[in-house]
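So the chains spell out like this:
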Amino acid sequence: MSINSLVCSSATEAARLLGSNPRARYFGGGTLVMRAINEGDQSFDTIIRINDPELTQMQIAGNRLVIGAGVTMSALLRHRDAGFLHAAARSVGGPAIRHMATVGGNLFAQSPYGDFATALLALDAEVIVADGSRMALVDFLARRNPSSGPTPVVTQVSVNRPASAGDFWFLKVSRVKPKGISVMSFAAHLPRAANQLQQVRVAVGAMAPTPVRMLSVEQALEGHALDAASIEAAARVALEGLTPPTDAIATSWYRSEVAPVHLKRLLTGAMR
Ligand SMILES: Cc1cc2nc3c(=O)[nH]c(=O)nc-3n(C[C@H](O)[C@H](O)[C@H](O)COP(=O)(O)OP(=O)(O)OC[C@H]3O[C@@H](n4cnc5c(N)ncnc54)[C@H](O)[C@@H]3O)c2cc1C
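In what follows, the accompanying structure is described.

Reading guide: rules and limits
- Residues numbered from 1 in each chain as written.
- Predicted model: local features only at pLDDT ≥ 70, side-chain atom pairs only at ≥ 80, totals over all residues.
- Heavy atoms only, no water.
- Core = buried A, V, L, I, M, F, W, Y, C linked by side-chain atoms within 4.5 Å.
- Buried < 20%, exposed > 50% of the residue type's maximum accessible area, 1.4 Å probe, protein only.
- Helix = DSSP H or I, 4+ residues; strand = E, 2+ residues; numbered from the N terminus.
- Domains from an automatic or database assignment.
- Contact = heavy atoms within 4.5 Å.
- Near = heavy atom within 4 Å.
- Polar contact = N/O pair within 3.5 Å; in protein donor to acceptor, adjacent residues only side chain to side chain.
- Areas by Shrake-Rupley, 256 points an atom, 1.4 Å probe, with all protein chains shown as cover.
- Nonpolar A, V, L, I, M, F, W, Y, C, P; charged D, E, K, R; others polar.

### Re the nonpolar core
Step number 1: Core analysis: the largest hydrophobic core is formed by 36 residues, its most contacted members being I67, L76, L85, F116, L120 and V159.
Step number 2: Counting residues per element, the ones that place at least two in this core are β5 (64–68), α3 (73–77), α4 (86–90), α7 (115–121), β6 (126–129), α8 (137–143), β8 (154–160) and β9 (168–174).
Step number 3: Here this core takes 5 residues from α7, the largest share from any one element.
Step number 4: Of the residues that make up this core, three or more belong to each of domain 2 (53–160) and domain 3 (165–269).
Step number 5: Residues in contact with F116, not counting those within four places in the same chain, are M73, L76, L85, A88, A89, V92, V103 and N106.
Step number 6: In terms of nonpolar packing, the next biggest core, distinct from the first, is built from 28 residues, L197, M207, A220 and V258 among them.

### Focus: the site of the ligand
Step number 1: Taken together, 29 residues lie around the ligand, and Y26, G29, T31, T102 and D115 are the ones closest in.
Step number 2: At 2.9 Å, a backbone N or O of V33 approaches an oxygen atom of the ligand.
Step number 3: A distance of 3.3 Å is found between an oxygen atom of the ligand and a backbone nitrogen or oxygen belonging to S91.
Step number 4: In isolation the ligand offers 970 Å² of accessible surface; the protein chains occlude 90% of this area.
Step number 5: Sorting the residues of the shell around the ligand by element identifies β2 (24–26), α2 (33–38) and α6 (103–106) as the ones contributing at least two each.
Step number 6: If one sorts the elements of the shell around the ligand by residue count, α6 sits on top with 3 residues.
Step number 7: Classifying every residue of the shell around the ligand by side-chain character gives 14 nonpolar, 11 polar and 4 charged.
Step number 8: Here the shell around the ligand gathers at least three residues from each of two domains, domain 1 (4–50) and domain 2 (53–160).

The following block contains the structure:
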């Protein structure tokens, strides 16, 4: 089957074309779209790209960092303002994948992929789409369903910038180092005032169909010092709200057994 490739100069134009052609697919860095083509996926025959340089920009806006959807993991790793996201970007695939994989594409990657989206979720990310509207990433992921018609074209993602380097933590658990696929990944934003955790965000990937916030864990930590007692309380509720999958990487049982242990490791590493 031959594939038509269309290049648009704006996200609005791409959104219009995608909306009018159910057999068209947006092409970000193409690490997953190209794999689908190579595997003979017949569900699309047209790929749509955008060559607007705006999509590859990053800028600081007050206490937020705005990242273009077309920014690749490698580009992000070269950007010093995005240092707090470097561990998450470095966890995505190997160097060749990181060179192509985009921030926008990671929001659509099916579990157990989505390590970078997990980090964004813990930073109260907002997704900005082609018509300029914004949506919290948590809602965007909850509604994400590739089989329910065209998805919006994501142009940017905006995240909180942690006040200090020690406030944001990321941990990817995989069996093969350094390029393994996630057994699970965790991200935690742990701002503290007078030694008490405030506005805690903890997210996990590969423990549900999409990355999700660990709301019970957040509640267990909020307002407490990060110490052995609060970490133990968080670990006790680690599995609440999760539906760990069984896939080629790990069984649901295994994921459930090890998730509290890895969460404790992440939080213990963040103690100071
Ligand atoms: C060998 C290999 C290893 C990998 N390892 C990891 C890993 O460790 N961790 C991980 O998280 N992922 C991993 N991935 C998955 C993938 O590379 C990443 O998730 C990547 O960020 C996807 O981005 P992309 O730009 O390549 O997406 P694409 O392949 O371009 O697109 C993926 C999907 O997202 C849609 N899409 C892309 N951008 C947009 C946009 N701006 N607006 C609307 N829709 C969009 C596309 O239409 C498509 O449905 C791996 C993939 C491979 C092949």
